[in-house]
Amino acid sequence: MCLSFIRKSRFFISARWYHSSAMEFSVKVAPSVVGAAENAGEIRRGNLSLTGRTGRMCRIETPGCFVHTQTGSIPHLTPDDLQYIDPAYISNPPPLNMALASLSMLAPSVEAFGKPLSTFVGYPDSFVYLGLNDPLKPPKPGSNEKSSMGLWNRAGKVKVSPEAFLDLNNKLHPDMLQIICDMDTQLVGASGQRLTKSFDSSLSWLDLFLKSRQGSPVEAVPVLATVGGGSDPWRRENFCKEVATRAVDGFVVDGFGDQWLSRWKEWESTGDLFESHKDLVSLSLRALPETKPRFLHAPLPPKAVIYLVEMGVDMFDTSYAAALADRREALIRTEDYAFDVISLGDQKYFEDLTPLSTRWACYTCKNYTKAYLHHLIHCQEINGGVLLMIHNLNEYLKFFHDLRQTIDNGSISLWKSQSSHVKVATNGNGNS
Amino acid sequence: MSAEKFHVLASCSTSKARTGVLSLLHSDVETPIFMPVGTKGCMKGVLPEQLEQLNVQILLGNTYHLGLKPGPELLIKSGGLHKFMNWKRSILTDSGGFQMVSLLKLAEITEEGVQFESTYSSPASFASQKRSRSKKGSLTEPEPVVSDDETPPGAAKERLVLTPEKSMEIQNAIGADIIMQLDDVVSSTTTGPRVEEAMHRSVRWLQRCNEAHSRKSEQCLFPIVQGGLDTNLRRECITEMTKQQQQSVGFAIGGLSGGEEKSSFWKMVDVSTDHLPASKPRYVMGVGYAEDLVVCCALGADMFDCVFPTRTARFGCALVNTGQLNLRLKIYSKDFAPIDPNCVCLTCQKYTRAYLHHIVTDLPTSARLMSIHNIAYQMNLMRQIRESIKSGRFPEFVLNFMEERYPNGSAPAWIVDALATVNIRIHQQKPQHTPPHDDAADDADVHVIKHLKAGDR
């Protein structure tokens, strides 16, 4: 009690505020309580207010997340399923994170449609943030060229030059966008030449876009710059310092190549891969202005989210919930501050007539047993993914909600103590 | 159970069409009704609450699939299929015989039942005559093989048999409101003494089913009229079955929709509805094309099921009054109309053909949206049929429907003939030109319809 009171009292020593025409971000910053002293960042707690092109306001508490989509739809769900997502955890309509990679296919249709992108994809009142890649589909190495970024969708590769990028965004007209970046830099094995090229191309594309969007339909849309730099500390830091001087509204930390995304499963069980690159993320974040929001997109288990929040990341996405549903797995809150992941295809659930979770009941937990989910998965039914997605999305969003609460009362370290239990449990139940 | 479960509310004064209410344990069912097929304990891609919203009143489950996975024991432990799958309204299960004959090429039918070789690894539910032929494989391992049912992997082969008693045992465990007798299914294109044998055997198996049926106060057992494409056999079958099962709540008309000529199909429905008791609902199995539904209703049928509407949905085809739209075609990429401007389903309220074009067959969400629309289409069609019968405008409805579907008198002869027998005369002309309202899209659709019909039912 006493300790937490002291923590609380020295918390939030400073408040920062940023605003542009369509974005307002206020954030309270305090030194991180936990973590290695040298790399310790800051705990940030804030409010992000966004105004969409239709004039509708969207408020997101940070640390928080956008809802991840694929080709404009929330994976597995139909829009009416949102009634099963607890409104206490996310604003309704939910802010959506889409990927230019898949949406580039839709651009001619959306342009001809004449109404907002959100209406086209069936979520008319949602705020749409157009990122570059789907966090579940890592960029392919070697896709970028000197004057274009390579994005992949089901029709193949789309070469996106700075001009094509502006054109696509003008057609799709999102409410917020991530600017292209030559972030094809592997964490391991990227040559100095590649890193230099990436650095130069990224900056020139950024400047070209910022200049060319003047007078275009997306002139007033909030923009996020992607900060890369690969595995080179000097370039990471300097790239951020450069970008920080540009007229952008926030930052996406990336430039870790496909390894960053494809090996996320490793962090989940060991945390090791993550540890070794913690410094790089930290370098980027410390070089960024504190007033603007920082985004990071990957299918992140709660443990990784906590690490990143402690380093100063503000915004994430819900791709982890979909990744688990795709793998027929459920995120389970085992203790107040600990999670487990269970694989519903496992034979041990064949006759298990209990719900996924008894701690609180989402739609799936209220109406279905593990045995039923196991049955659906064995029959390869679409509904198996649907029910798991509803559950996982609720668990994940509730995690963010609870995480914010622990930050507010200065007890974020609680997550640390119990997540070590999970490591053992996760390794023990044979998920791989 | 008594016959008072079905009440005819109104009958068409011109045709044999009627509308009524069938009171089942879990819900009332308004007839004529279409039953979507939720094969393995769920309607693929549609949640139970969404089905309720679409006014689905009764869902079909397949005994063959449910008997294998999850199996009757787990279903009993779960409190029946309704609880297991979170569906509060009515369910009908088939006998399992049809799947056995259609999915398993090695099925052999004897007086005892349907014998077949299974490659499922834990088919305890059918294991009344289990004889292991191979030592290797997963017999000792409880883990079932994950596979598509139609292409089982090389697991241990077992000799299994589905008897009328076994079918009842599994259906009693599933706990559907309506259960079907095990019938001797022969292909509707088969001719000769085998058809007659199958009809008589179905009559005998009905008796065995009735004796084995252990939940008579909760579940209604429907006999299935067989007799191939032979009017006399059909009549004989009905005479035998109605004599044997006077307490039956309803009757099914089986052995049709298997690739026979449409001219034979409607005549079999017609003769069956002529001879089945008017006070009981008649279920024509495997019918789901809109024009077939309208004709069968005119001939006095009350219940239908078919996988077509939902299967074609998952392939990207949307049902509309004029036929169907294959949304995979590029021409829809800038078509900003909903699938059907008059449809009130979620899909038509929220989505354009253009967006659906981009996601069909790619995202699970698209299979869901398409299924929702196609079920809505079927439900809406049946509702219009019921309402037109109630208001005495059924013949008018049929004429309008056929004119929209087959403009300028292009309706096929079998429809003209079938409707003429029930005094609905539709305008028919020799088609001289391509119908003017059609565009390139519909030509391409015809191709898809042919393609899909091959794998239908």
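Residues numbered from 1 in each chain as written. Chains lettered and ligands numbered in written order. Predicted model: local features only at pLDDT ≥ 70, side-chain atom pairs only at ≥ 80, totals over all residues. Heavy atoms only, no water.

(A) Summary view of the side chain of Thr365 of chain B. Mapped onto the elements of the fold, Thr365 of chain B is located in helix 14 (residues 364-390). Taking the relative accessible area as the measure of exposure, Thr365 of chain B reaches 1% and is therefore buried. Among the polar contacts made by the side chain of Thr365 of chain B, one reaches the main-chain carbonyl oxygen of Ile74 of chain A at a distance of 3.4 Å. Filtering out sequence-adjacent residues up to four positions away, Thr365 of chain B remains in contact with Ser73, Ile74, Pro75, His76, Leu77 and Thr78 of chain A. (Helix = DSSP H or I, 4+ residues; strand = E, 2+ residues; numbered from the N terminus. Buried < 20%, exposed > 50% of the residue type's maximum accessible area, 1.4 Å probe, protein only. Polar contact = N/O pair within 3.5 Å; in protein donor to acceptor, adjacent residues only side chain to side chain. Contact = heavy atoms within 4.5 Å.)

(B) Representation of the domain arrangement of chain A in the model. Residue and element names in this part refer to chain A. Assigned domains within chain A: domain 1 (4-326) and domain 2 (329-417). Between domain 1 and domain 2, the contact holds 41 residues from the first and 30 residues from the second. Together, the buried faces of domain 1 and domain 2 total about 3400 Å²; carbon and sulfur atoms form 72% of this surface. Looking at the side of domain 1 facing domain 2, the largest losses of area belong to Tyr84, Tyr89 and Leu324, adding up to 20% of the total buried there. In this structure, the connection of domain 1 to domain 2 is made through one salt bridge. In this structure, Arg45 engages Asp408 in a salt bridge whose closest nitrogen and oxygen atoms are separated by 2.8 Å. (Domains from an automatic or database assignment. Buried area = accessible area lost by both parts, 1.4 Å probe. Salt bridge = Lys/Arg side-chain N within 4 Å of Asp/Glu carboxyl O.)

(C) Structural context of the UniProt feature "binding site: Zn(2+)" (unreviewed entry) in chain B. Residues and elements named next belong to chain B. The UniProt entry lists Cys343, Cys345, Cys348 and His373 under the feature "binding site: Zn(2+)" (unreviewed entry), expressed in the numbering used here. For the residues just named, distributed over 31 residues, the greatest C-alpha separation is only 8.2 Å, placing them together at one site. With respect to the secondary-structure elements, Cys343 resides in the loop between strand 17 (323-326) and helix 12 (346-350). Beyond its immediate sequence surroundings of up to four residues, Cys343 is in contact with Cys348, Gln349, His373 and Ala376. Tracing the sequence through the fold places Cys348 in helix 12. (UniProt positions renumbered as here; feature names shortened; annotations may be inferred.)

(D) Examining the sheet that holds strand 11 (residues 220-222) of chain B more closely. Residues and elements named next belong to chain B. With respect to topology, four strands assemble into an open sheet ordered 5-6-10-11, the strand pairing being parallel. Two strands in the sheet have a free side with no partner beyond their single neighbour: strand 5 (58-61) and strand 11. Shown here is a sheet whose adjacent strand axes are inclined to one another by a mean of 25°, direction ignored. Across the sheet, helix 6 (residues 164-174) touches strand 6 (90-93), strand 10 (178-180) and strand 11, and the angle it forms with strand 10 is around 165°. (Pairing = 2+ DSSP bridges. Axes fitted to C-alpha atoms, helices over the stretch in contact; angles between N-to-C directions.)

(E) Looking closely at the packing of helix 10 (residues 290-298) of chain B against helix 14 of chain B. Residues and elements named next belong to chain B. Here helix 10 crosses helix 14 at 25°, and the two axes come no closer than 11 Å. Judged on the interaxial angle alone, helix 14 and helix 10 are roughly parallel. When the axes of helix 10 and helix 14 are compared, the crossing they make is right-handed. Packed against helix 10, whose contacting residues are Ala290, Leu293, Val294 and Cys297, the element helix 14 presents Tyr377, Gln378, Leu381, Met382 and Ile385 at the interface. Each residue belonging to the contact of helix 10 with helix 14 can be placed in one class, and the counts come to eight nonpolar, one polar and no charged. (Parallel < 35°, antiparallel > 145°, perpendicular 65-115°, else oblique. Left-handed = near helix turned anticlockwise from the far one by under 90°. Nonpolar A, V, L, I, M, F, W, Y, C, P; charged D, E, K, R; others polar.)

(F) How the structure looks around the sheet that holds strand 12 (residues 224-225) of chain B. Residue and element names in this part refer to chain B. Taken in spatial order, the five strands make up an open sheet running 4-15-14-13-12, and their pairing is parallel. The open sheet has two edge strands with one neighbour each: strand 4 (33-36) and strand 12. Relative to strand 15 (residues 303-306), strand 4 is paired through four bridges, and the arrangement is parallel. Looking at strand 15, one finds that Phe34 is bridged to Phe304.

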